[in-house]
Amino acid sequence: MSPRLQFQLLRLWHAWLAGSYLVAYATADEDSYAMHLFSGYSVLAAILLRLLAGALSSAGPWRLPRPSLAALRRGLFSRRGRHPLFPWFAAALLALVGLSAVSGALADGATWLEDPHEAVSELSLWVVFGHLAFVTVIHGGLRLALPSKEPVR
Amino acid sequence: MLRKMLVQGIVAAIVVASAAAVYARFEGAPLPAQAARMEEED
């Protein structure tokens, strides 16, 4: 599979996860329990697929994120390559959203898991907000930092 | 690219919400708007 196709599939997966998460969060109410159940299982399926694909690929965009403190120290103030906080955010989101989905699925049978499920889900939302802010700042910042294509007069 | 990913996420949310609504109908559960109406009637 070409790297371009792999990247496009990863973006499709990202849209699937983001869309399912959004619906699951928005329907976390007794009145819309069936919709919450459906979208929650959709989140769980997306996370499981990502973990499986990550475990099977040793290189490329589907490889699982590997956060490293050394890379963070090295690359935090360097503008070369990908920002070292990306794998930290990716790992945190996979772990928290995954935990939220698993606890939700288990809470269907074990009702004592309902409160932990709610707490993890609330926490994951704040990490999602952080991820959004980070990506916006990094891409916006890069656009500002890159030299303009227009010729200097 | 950010805008494209945002649009893709929103489209996916609409698709998932539609599929979830269809699932809810088959399960016999009221949709959120119906549930709110029923609550008001009660």
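Owing to the predicted nature of the structure, the values given are computational and were not obtained by experimental measurement. (Residues numbered from 1 in each chain as written. Chains lettered and ligands numbered in written order. Predicted model: local features only at pLDDT ≥ 70, side-chain atom pairs only at ≥ 80, totals over all residues. Heavy atoms only, no water.)

Take the overall build of chain B next. In terms of helices and strands, chain B carries two helices and zero strands. Of all 42 residues assigned to chain B, the portion counted as buried reaches 19%. Here chain B displays about 3200 Å² of accessible surface, and carbon together with sulfur accounts for 63% of that area. (Helix = DSSP H or I, 4+ residues; strand = E, 2+ residues; numbered from the N terminus. Buried < 20%, exposed > 50% of the residue type's maximum accessible area, 1.4 Å probe, protein only. Areas by Shrake-Rupley, 256 points an atom, 1.4 Å probe, with all protein chains shown as cover.)

Bringing the side chain of A:Ser39 into the picture now. Residue position: A:Ser39 is located in helix 2 (residues 33-56). Assessed through its relative accessible area of 0%, A:Ser39 is described here as buried. A distance of 2.7 Å separates a polar atom in the side chain of A:Ser39 from the backbone oxygen of A:Met35. Contact partners of A:Ser39, with chain neighbours within four places excluded, come to A:Ser20, A:Val23, A:Ala24, A:Thr27 and B:Val16. (Polar contact = N/O pair within 3.5 Å; in protein donor to acceptor, adjacent residues only side chain to side chain. Contact = heavy atoms within 4.5 Å.)

Now for the nonpolar core. Counting residues in each nonpolar core, the largest one holds 23 residues, and the members touching the most others are A:Trp13, A:Leu17, A:Tyr21, A:Val43, A:Ile47, A:Val97 and A:Phe134. Apart from residues no more than four positions distant in its own chain, A:Phe134 is found in contact with A:His83, A:Leu85, A:Phe86 and A:Phe89. (Core = buried A, V, L, I, M, F, W, Y, C linked by side-chain atoms within 4.5 Å.)

A few words now on the interface of chain A and chain B. Facing the 20 residues of chain A at the interface are 21 residues of chain B. Viewed at the interface, chain B and chain A are joined by zero salt bridges. Along the contact surface separating chain A from chain B lie zero residue pairs in polar contact (both at pLDDT 80 or more). Of all elements in the fold, only helix 1 (3-26), helix 2 and helix 5 (114-145) of chain A reach the threshold of two or more residues within the side of chain A that touches chain B. Sort the elements by how many residues they give to the side of chain A that touches chain B and helix 1 of chain A lands first, with nine residues. Grouping the amino acids of the side of chain A that touches chain B by side-chain chemistry returns 10 nonpolar, eight polar and two charged. (Salt bridge = Lys/Arg side-chain N within 4 Å of Asp/Glu carboxyl O. Nonpolar A, V, L, I, M, F, W, Y, C, P; charged D, E, K, R; others polar.)

Right, let's talk about helix 1 of chain A for a bit. Its 24 residues place the ends of helix 1 of chain A 34 Å apart at the C-alpha level, agreeing with the 34 Å of an ideal helix rising 1.5 Å per residue. Along helix 1 of chain A, the residues classified as buried are A:Gln6, A:Leu10, A:Arg11, A:Trp13, A:Ala15, A:Leu17, A:Gly19, A:Ser20, A:Tyr21, A:Val23 and A:Ala24. (Expected span 1.5 Å × (residues − 1).)

This part takes up the confidence of the model for chain A. Summary statistics for chain A give a mean pLDDT of 86 and a share of 88% for residues scoring 70 or more. The secondary-structure element of chain A with the lowest mean pLDDT is helix 3 (residues 69-75) of chain A, recorded at 77, while helix 2 of chain A shows the highest, at 94. (pLDDT = per-residue confidence, 0-100.)

Residue and element names in this part refer to chain A. When you line up the elements, Ser121 lands in helix 5. In this structure Ser121 comes out as buried when scored by relative accessible area, which is 12%. Sequence-distant contacts of Ser121, defined by excluding residues within four places in its chain, comprise Tyr21, Tyr25 and Ser100.

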